[in-house]
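Descriptive structure summary
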Amino acid sequence: MLQIKINSNKLFVYKKYTGKGGKGIMEKILEEMINLIENQKFNDLREYLKQVNSADFPSLFEELDKEKMILVYRILPKEKAAEVFAELDPDIQEDLINS
């Protein structure tokens, strides 16, 4: 299982294996994203999001409220945002365009 942590403004990515009852990677990513948003650590969030696979964003966006989803999308670097946009459901694409 991949775990991503931010420490002293640096991003560390490493594998960690959990036993029974361990959270799934998507839950951990979502939890970290929400934590960074709530603590207004937007630079750290941007660095964190660079490490997330573009194909995972549709599932993550389904779990976020609209306001957080738009914030996360706008924080993405341009190239990553284009990759993510291509993966999204047309309804979510429309929400992002109209925001």
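Residues numbered from 1 in each chain as written. Predicted model: local features only at pLDDT ≥ 70, side-chain atom pairs only at ≥ 80, totals over all residues. Heavy atoms only, no water.

Considering the overall build of the protein chain
We apply this condition: Per the convention used, a helix needs a DSSP run of H or I reaching at least four residues, while a strand needs a run of E reaching at least two, with both numbered from the N terminus. Relative accessibility thresholds used throughout: buried, under 20% of the residue-type maximum; exposed, over 50%; partly exposed, between the two (1.4 Å probe, protein chains only). Contacts were defined at the residue level, with two residues in contact if any of their heavy atoms lie within 4.5 Å. For the area figures, the Shrake-Rupley method with a 1.4 Å probe applies, and any residue is considered shielded solely by the protein chains shown.
Tallying secondary structure elements over the protein chain gives six helices and two strands in all. Scanning the protein chain from its N terminus toward the C terminus, one meets helices and strands in the order β-β-α-α-α-α-α-α. Looking at the protein chain as a whole, 34% of its 99 residues qualify as buried. Counting contacts in the protein chain only where the partners sit at least 6 residues apart, residues at least 24 apart contribute 50% of the total. Of the roughly 6500 Å² that the protein chain leaves accessible, carbon and sulfur atoms contribute 45%.

Things to note about helix 4 (residues 66-75)
For clarity, the cut-off: A 3.5 Å cut-off defines polar contacts: any pair of N or O atoms within that distance qualifies, except that in protein one atom must be a possible hydrogen donor and the other a possible acceptor, and neighbouring residues in sequence count only when both atoms are side-chain atoms.
Inspection of helix 4 places Met69, Ile70, Val72, Tyr73 and Ile75 among the buried residues, and these make up the whole buried set. Buried residues along helix 4 sit against helix 1 (25-38), helix 2 (42-50), helix 3 (57-63), helix 5 (78-87) and helix 6 (90-98). Measuring from the backbone nitrogen of Glu67 back to the side-chain oxygen at the start of helix 4 gives 3.2 Å, which picks out Asp65 as the cap.

Quick word on helix 6
We apply this condition: What the arc covers is the set of directions going from the helix axis to the C-beta atoms.
Those residues of helix 6 that fall on the buried side of the exposure criterion are Ile92, Gln93 and Leu96. Within helix 6, the buried residues cover an arc of 105° as seen down the axis, which keeps them to one side. Exposed and oriented more than 90 degrees from the buried face of helix 6 are Pro90, Asp91, Ile97 and Asn98. If you follow the buried residues of helix 6, they end up packed against helix 3, helix 4 and helix 5. Structurally, the start of helix 6 carries an N-cap: the backbone nitrogen of Asp91 is 3.1 Å from a side-chain oxygen of Asp89.

So, the packing of aromatic side chains
To describe a pair of aromatic rings, one takes the distance between the centres and the angle between the planes. To keep it simple, the criterion reads: Think of it this way: a Phe, Tyr or Trp ring, Trp meaning its six-membered ring, pairs with another when their centres are within 6.5 Å, and the plane angle makes it stacked under 30 degrees, edge-to-face over 60, tilted otherwise.
Counted by the stated rule, this structure contains two aromatic pairs. Aromatic side chains Phe57 and Phe61 sit 5.7 Å apart centroid to centroid with 70° between the ring planes, which places their arrangement in the edge-to-face category. With Phe57 and Phe61 both in helix 3, this residue pair falls four residues apart, about one helical turn. You'll find Phe57 and Phe61 in the same group, each marked buried. Ring geometry for Tyr73 and Phe85: centres 6.3 Å apart, planes at 50°, overall tilted. Taken together, the positions of Tyr73 in helix 4 and Phe85 in helix 5 put the pair 12 residues apart, joining distant regions of the chain.

Brief notes about the pattern of salt bridges
Quick note on the threshold: Should a side-chain nitrogen of Lys or Arg be within 4 Å of a carboxyl oxygen of Asp or Glu, the pair is scored as a salt bridge.
Taken as a whole and judged by the stated rule, the model has three salt bridges. When the shortest N-O distance is used, the salt bridge between Lys50 and Glu47 registers 3.0 Å. Taken together, the residues span about one helical turn, with Lys50 and Glu47 both in helix 2 at a distance of three residues. Residue classification places Lys50 among the partly exposed positions, given a relative accessible area of 37%. Asp95 is paired through a salt bridge with Lys66; the nearest N and O atoms lie 3.8 Å apart. Here Asp95, found in helix 6, pairs with Lys66, found in helix 4; they are 29 residues apart in sequence, far enough to count as distant.

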